[in-house]
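Descriptive analysis of the structure
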Amino acid sequence: RKYPVKEPFVELLKGSLQTFLNAMTFPDKTAYPVATQNLKDFYNLIDVYLDAVFFPRMTQEIFEQEGWHLDLDAPEAAPTIKGVVYNEMKGVYSSPDSMLFERSQQSLFPDTTYGLDSGGNPEKIPDLTYEQFMDFHRTYYHPSNAWIFFYGDDDPEARLELLREYLDQFSCKDIPSHLTLQKPFSAPREFRYAFEASETGNGRGMLTMNWLCTDQRDATTMLACKMLDHLLTGMNASPLRKALIESGLGEDITGCGMEQDMVQMYYSVGLKGVQPADFPAVQTLITDTLRSIATHGFEPDLLDAAINSAEFDLRENNTGSYPRGLLVMLRALGSWLYDADPFDFVAFEAPLAQLKTRLAHGEPVFEQLIQKNLLDNPHQTTVFLEPQAGYAEELEQAEQERIAQVRHALAHVSDTDLAQRTALLRQMQETPDRPEDLATIPGLSREDIDPVVRTVPTEIKNTESATVLQHDLPTNGICYCDLALDLTAVPDRLIPLLPLFCRALTEMGTTEEDYVSFSKRINSKTGGVHARCLLASHEIEPRPVTRLILRAKAVSDRVSDMLDIMRDALLLARFDDAERFRQMALEEKAGLEHALVPAGHQFVGLRLRSKFTLVDSLQERLSGLESLFFLRDLLTRIEQDWPSVLADLEALRTACVSRHNAVLNLTMDESGLHSHHDAFGQFLSLLPGHAPQPALWTTQFPREAEAVCIPAQVNYVGKICDLHALGYTFHGASLVASRYVRTSWLWEQVRVLGGAYGAFCSYGRLSGLMSFGSYRDPNITSTLAAFDQCGAFLESAPLDAREITKAIIGTSGDLDPYQLPDAKGFSSLAHYLGGIDITTRQRIRDEVLNSEEQHLRAFGTVLREAAHNGLVCVLGSEDALTKTQDIPFARTIRPL
């Protein structure tokens, strides 16, 4: 009503400093959260969102674009079903993991809203009519059915004044949104479903066992159930996780654990990579393990570890890049939405103290929860997901039948008229908003942007062979410690082994403790210790930044314990347990295989970049398709030649673990850093001091177009262009131009017109590579055409001052992401290792803020020229790839 543009959401994305801007669909609610670090921006976002939620411009055309419609390009063409959400959910149902999650929840709730897919089952989406859609909004999208939440230090009166403009337009109304409870089952139930069999799956499926919990949702019980989840499977020492992984019946655990974000809790656990013949054995194993725990209890040291871990998480309240206020909102809704106190699950001190008191008095809290909610509970289901050859063809056939049914229902509409309706929809989509309507969207000006780059307090100290970075930041008494070890001495052939080596440091035990005991020690003394690889281009040096980073965190009085654990992980980790290492390799392989569908765009993008830069070719071998192929070969080696694998792990320790050129990164308040100064120095002195010789890395992948064939109902399309090869030199305006293209041309062509769920592009400042990608995309050829036309669009688009300003502001927000203290300290470490100084960062910021039309036009010219020599990679179904005759794929990869 107030902002009559087609895509107010996108217009906000173009020109906001937002740190969060999205809509989130849950099984029993939809949330519309916004967050930003700029107060003026905050109120702009709220105003547009309130208008969009309560007074949306939901025309028939919008419904067809976002939901579904029968699409007919020409009277003689074959009709198809298109729609953004329709294709999004086809992507969801292409992932066996997503299917298992949905089916598990639905199996427990056949009679309530939780028995339906809140995202929309693609089989059912075409049943939805425009009238039903509008009636749903009229019924539920009303202030009487709204829970409104603010978080921040702004004026509460100003909030209420803004709300008054909207809420005063409505009268109180009785909304039929009360959530009914599922009636209990009298006996367990089983469900079987299929998914497309893969060439390398060896007939393996997955299953979950699921229980609808009978306990009340009081704060203490909820906290106890959360801790029980952690006790059962959250740690390497957890008995249910340990039993499943060590059984050899599957490859990795699955299930969502204790699901608490609904009016009734449920618990779900299972195993993936299981032969269907072994399904009964897995069921028996889960039940027997739970029965044993209920009878004998948890080991005291495991209880201590779980309680410490849970309490650390509650007190730290680390939400990562997710704005902290939004997590508080979701916690509050966990009770508030169900007519309880919104602070029940936010204020944790009282329930935590009560739970610890009960445990101290010897009450078998967790054993009772297992007995009541799991073992003695007949409201239990088992969901089996089995591979079935030809299942993808069945889905395709079912879709064709749906199309035929929809077409039959429109028998009164001729093919000519239907093609005309499709053309009218496309015309609406292609018609730009009127300038005067776009001008109504509130925004910021360049003057609202801080022109000075943000800095993190950093003190650099050089010790013998190592460097210490200290960041004096308020961390609520927690020490964040990152040890960055140089990987330049790692032999080329051992690069793909690094992710498993990182896990082995903390997950295989030490010469003094087995992996169970070491896991308990980590969880009881710290907030976590783990290793990861950091790869990045260097600002000046041709050789990339390659580091193994051992990350740890602990409260101040446990810093010595944390450093002892880090020392033992590096110096005493034992690698000689072949079976434990095989289990970890299976988990890694399963993780990559099951990530291919939901994260196909990431695999495609990395695959393309790996053909141009050393750093990306190394990363491809660590986490891309090459890593998957390596893991499969490694599993054979473990079985046939374990001594050679063990020797490789020891060689990695020799190459990696040295204080030479190491960097110790510490984030904590000044007094804490000072009090532990000697302990940090002693820790470094215990590391070997040798200076390994740099290895020669020559990894290069052939620059050829590739098709990655997987069983999926949607595609992930990628293209990459080398702008440096055309002589383009980085300017901050390229970031502005990329953002503008992403939120305008690509959004309109690939999402709005093409029906894909998403499209994006990014420019690598140091690599000179321009990457394009699409997400859950029904198309291939038209998407690649849209990529190729980005340059011509930038050259000719009506770039008025307002559009450029919005793109600049949005890009400025990307340069200043929301960060908690630990992230600030880690970003400072990354800048230090990559040679990125304040001068460089300020120059980029200045170029962004001073971008003008001619900069964007010039970048468009380079893009247009580069498109002719770009490289393509597509991940999709065999049928979709076969129909793409005009792309000269050099080879087809079949990773599944």
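Summary of the structure given here.

The rules behind these values
Residues numbered from 1 in each chain as written. Predicted model: local features only at pLDDT ≥ 70, side-chain atom pairs only at ≥ 80, totals over all residues. Heavy atoms only, no water. Helix = DSSP H or I, 4+ residues; strand = E, 2+ residues; numbered from the N terminus. Polar contact = N/O pair within 3.5 Å; in protein donor to acceptor, adjacent residues only side chain to side chain. Contact = heavy atoms within 4.5 Å. 1 Å grid on protein atoms, 1.4 Å probe; cavity = no way out; pocket = protein on both sides within 12 Å on 5 of 7 lines; lining within 4 Å. Points joined across faces, edges and corners; volume = space filled by probe spheres on them. Nonpolar A, V, L, I, M, F, W, Y, C, P; charged D, E, K, R; others polar. Pairing = 2+ DSSP bridges. Axes fitted to C-alpha atoms, helices over the stretch in contact; angles between N-to-C directions. Buried < 20%, exposed > 50% of the residue type's maximum accessible area, 1.4 Å probe, protein only. Phe/Tyr/Trp six-rings, centres within 6.5 Å; stacked < 30°, edge-to-face > 60°. Lys NZ or Arg CZ within 6 Å of the ring centre and 35° of its normal. Core = buried A, V, L, I, M, F, W, Y, C linked by side-chain atoms within 4.5 Å. Parallel < 35°, antiparallel > 145°, perpendicular 65-115°, else oblique. Salt bridge = Lys/Arg side-chain N within 4 Å of Asp/Glu carboxyl O.

Considering the arrangement of structural elements, one finds Thr36 in strand β4 (residues 34-36). Among the polar contacts made by the side chain of Thr36, one reaches the main-chain amide nitrogen of Asn38 at a distance of 3.2 Å. At 3.0 Å, the side chain of Thr36 and the side chain of Asp41 are in polar contact. Setting aside chain neighbours within four positions, we find Thr36 in contact with Leu17, Gln18, Thr19, Asp41, Phe42 and Leu45.

What follows deals with empty space enclosed by the protein. Within this structure, the stated rule accounts for four cavities of 30 Å³ or more. Estimated volume of the largest cavity: approximately 70 Å³. As for the largest cavity, its lining consists of 14 residues, of which His69, Lys82, Gln429, Val752 and Leu753 are closest to the centre. Within the residue set of the lining of the largest cavity, elements represented by two or more residues are β5 (69-71), α16 (415-430) and α28 (733-753). Ranked by residues supplied to the lining of the largest cavity, first place goes to α16 with four residues. Of the residues in the lining of the largest cavity, the class split is three nonpolar, seven polar and four charged.

Moving on to the side chain of Thr139. Mapped onto the secondary structure, Thr139 falls in helix α6 (residues 130-140). Separated by 2.7 Å, the side chain of Thr139 and the backbone oxygen of Asp135 make a polar contact. For Thr139, the residues in contact, after removing those within four places along its chain, are Lys173, Ile175 and Pro176.

Before going further, it helps to spend a moment on the sheet that holds strand β21 (residues 769-775). Sheets are built from strands paired through backbone hydrogen bonds, the pairs being either parallel or antiparallel. Taken in spatial order, the six strands of this open sheet run β20-β21-β19-β22-β18-β23, and their pairing is mixed. Here the strands that pair on one side only, and so sit at the sheet edges, are β20 (758-763) and β23 (891-893). Pairwise comparison of adjacent strand axes, ignoring direction, gives a mean angle of 15° for this sheet. Sheet topology places strand β18 (residues 706-709) next to strand β22 (residues 871-876); four bridges connect them, and they run parallel. Within β22, the residue paired with Ala707 across the bridge is Val874. Across the sheet, α28 lies against β20 and β21, angled at about 160° from β20, the strand it touches most.

Moving on: the pairing of β18. Residue alternation in β18 divides its side chains into two sets, Glu706 and Val708 and Ala707 and Cys709, and both sets are buried. Pairing analysis gives three bridges linking β18 to β23, with the strands arranged parallel. Note on β23: the bridge partner recorded for Glu706 is Arg891.

It is worth spelling out the packing of aromatic side chains at this point. Between two aromatic rings, the relevant description is the distance of the centres plus the angle of the planes. Inspection of the entire model under this criterion finds 28 aromatic pairs. Measuring from centroid to centroid gives 5.8 Å for Tyr728 and Tyr763, while their planes differ by 75°, and the two rings are edge-to-face. Placement of the pair is Tyr728 in the loop between β19 (716-722) and α28 and Tyr763 in strand β20, with a sequence separation of 35 residues. Residue classification places Tyr763 among the buried positions, given a relative accessible area of 7%. Among the aromatic residues, ring-to-ring pairing joins Phe54, Phe55, Tyr166 and Phe170 into one connected group. The ring of Trp697 has Arg543 lying over it, and the distance from NZ or CZ to the ring centre is 4.1 Å.

Among the nonpolar cores identified, the biggest contains 91 residues, and Leu483, Leu498, Met566 and Phe581 are the most heavily contacted of them. Beyond its immediate sequence surroundings of up to four residues, Leu483 is in contact with Leu548, Ile549, Leu550, Met566, Leu570, Ala662, Val663, Leu664, Phe683, Leu684 and Leu687.

Between helix α8 (residues 219-234) and helix α14 (residues 365-375), whose axes approach to 10 Å, the crossing angle comes to 90°. With respect to each other, α8 and α14 are oriented roughly perpendicular. For the pair α8 and α14, the contacting residues are Ala224, Cys225, Met227, Leu228, Leu231 and Leu232 in the first and Val365, Phe366, Leu369 and Ile370 in the second. Residue composition of the contact of α8 with α14, by class: 10 nonpolar, no polar and no charged.

Quick look at the pattern of salt bridges now. Within this structure, the stated rule accounts for 66 salt bridges. The shortest N-O distance in the salt bridge between Glu513 and Arg521 comes to 2.6 Å. Judged by its relative accessible area of 17%, Glu513 is buried. Across the salt bridge formed by Asp568 and Arg521, the nearest N and O atoms sit 3.0 Å from each other. In this pair, Asp568 sits in helix α20 (residues 559-571) while Arg521 sits in helix α19 (residues 515-525), placing the two residues 47 residues apart along the sequence.

Looking at where Gly681 falls in the secondary structure, it is placed in helix α27 (residues 677-685). Taking the C-alpha atoms as reference points, Gly681 and Leu664, separated by 17 residues in sequence, lie 9.8 Å from one another.

Attention now goes to helix α18 (residues 498-507). Counting buried positions along α18 gives nine out of 10 residues, so the element sits mostly inside the fold. Directly after α18, the chain includes Gly509, whose backbone phi takes a positive value near 80°.

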